[in-house]
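# Remarks on the overall topology
One-letter residues, chain by chain:
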Amino acid sequence: QVQLEESGGGLVQTGGSLRLSCAASGRTFSSYDMGWIRRTPGREPEFVAAITGSGGKTHSADSVRGRFTISRDNAKKMVYLQMNSLKPEDTAVYFCAGVNRPLYGLDDVRAYEYWGQGTQVTVSS
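Heads up: these notes are all about the structure in this document. On a predicted model such as this, the values are computed, not experimentally measured, just so you know.

Analysis parameters
Residues numbered from 1 in each chain as written. Predicted model: local features only at pLDDT ≥ 70, side-chain atom pairs only at ≥ 80, totals over all residues. Heavy atoms only, no water. Helix = DSSP H or I, 4+ residues; strand = E, 2+ residues; numbered from the N terminus. Contact = heavy atoms within 4.5 Å. Buried < 20%, exposed > 50% of the residue type's maximum accessible area, 1.4 Å probe, protein only. Pairing = 2+ DSSP bridges. Core = buried A, V, L, I, M, F, W, Y, C linked by side-chain atoms within 4.5 Å. Phe/Tyr/Trp six-rings, centres within 6.5 Å; stacked < 30°, edge-to-face > 60°. Axes fitted to C-alpha atoms, helices over the stretch in contact; angles between N-to-C directions. Disulfide = S-S within 2.5 Å. Salt bridge = Lys/Arg side-chain N within 4 Å of Asp/Glu carboxyl O.

The topology assignment puts S21 in strand β3 (residues 18–25). Excluding its chain neighbours within four sequence positions, the residues that come into contact with S21 are E5, E6, S7, W36, M78, V79 and Y80.

On to the pairing of strand β7 (residues 68–73), then. Burial of β7 is one-sided: the residues F68, I70 and R72 facing one way are buried, the residues T69, S71 and D73 facing the other way are not. Where β7 and strand β8 (residues 78–83) come together, six bridges link them in antiparallel fashion. Each residue of the ladder has a partner; that of R72, found in β8, is V79. In sequence, β7 turns back onto β8 through a hairpin of four residues, with K77 there showing a positive phi of about 55°.

Okay, the nonpolar core next. Across soluble globular proteins, nonpolar side chains have a tendency to be buried as a group. By size, the foremost hydrophobic cluster in this structure holds 35 residues, and its most contacted members are M34, W36, L81, M83, Y94 and Y112. Ignoring sequence-local partners within four residues, the contact set of Y112 consists of D33, M34, G35, I37, F47, A50, A97, G98, V99 and L106.

Right, let's talk about the packing of aromatic side chains for a bit. All told, the structure shown has three aromatic pairs when counted by the stated rule. Here the aromatic rings of F95 and W115 are separated by 6.2 Å at their centres, their planes lie at 75°, and the arrangement is edge-to-face. You can see F95 sitting in strand β9 (residues 92–99) and its partner W115 sitting in strand β10 (residues 114–115), a full 20 residues away along the chain. Classification of F95 by relative accessible area gives buried; the value is 18%. W115 gets classed as partly exposed once you look at its relative accessible area, which sits at 36%. Put simply, the rings of F95, Y112 and W115 touch in pairs and so form one group of aromatic residues.

In any sheet, the strands associate via hydrogen bonds between backbone groups, in a parallel or an antiparallel arrangement. Pairing is antiparallel in the open sheet, where four strands are placed in the order β1-β3-β8-β7. What marks the edges here is a single partner per strand, and that holds for β1 (3–7) and β7. Each neighbouring strand pair of the sheet contributes to a mean axis angle of 15°, computed without reference to strand direction.

Attention now goes to the state of the cysteines. According to the stated counting rule, one finds one disulfide in the structure shown. The disulfide bridge from C22 ends at C96, spanning 2.1 Å between sulfur atoms. Between C22 and C96 the disulfide shows an S-S torsion of about -75°. By sign, it is left-handed. One end of the pair, C22, is in strand β3; the other, C96, is in strand β9, and 74 residues separate them in sequence.

It is worth spelling out the pattern of salt bridges at this point. Should the charged atoms of two oppositely charged side chains come close, the side chains can pair. Evaluated as defined, the whole model comprises five salt bridges. E46 is paired through a salt bridge with R38; the nearest N and O atoms lie 2.8 Å apart. We classify E46 as partly exposed; its relative accessible area is 25%. Residue classification places R38 among the buried positions, given a relative accessible area of 5%. A salt bridge links R110 to D108; the nearest nitrogen and oxygen atoms lie 2.7 Å apart. Residue classification places R110 among the exposed residues on the basis of a relative accessible area of 55%. Note on D108: relative accessible area 19%, which makes it buried.

Structural data, given as structure tokens:
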């Protein structure tokens, strides 16, 4: 089992950058594939980016590709989401999530078993 806690959200202007961090607890963090999912009121949760346990493979949603980068540091038990060129439509609560043995593709929010509490990102126009 793994516990997750996000940080780094805030208010930023269009075109700005933020770096979200996710701190994990648990002995076998490197065995967990990790993802970032965002949610806005009235909409379904949206996959943002994912990274495999070893960090060898990443995948990003079309809406953020080229602007957002996911990474991880297994020694520190951390996952990051570097967000550049932010747009107002990126405004959402961003959740860090993890899974040990995914039954779905990592771009499917149903894949994730463990979730953080979320961090708010607001991009002003």
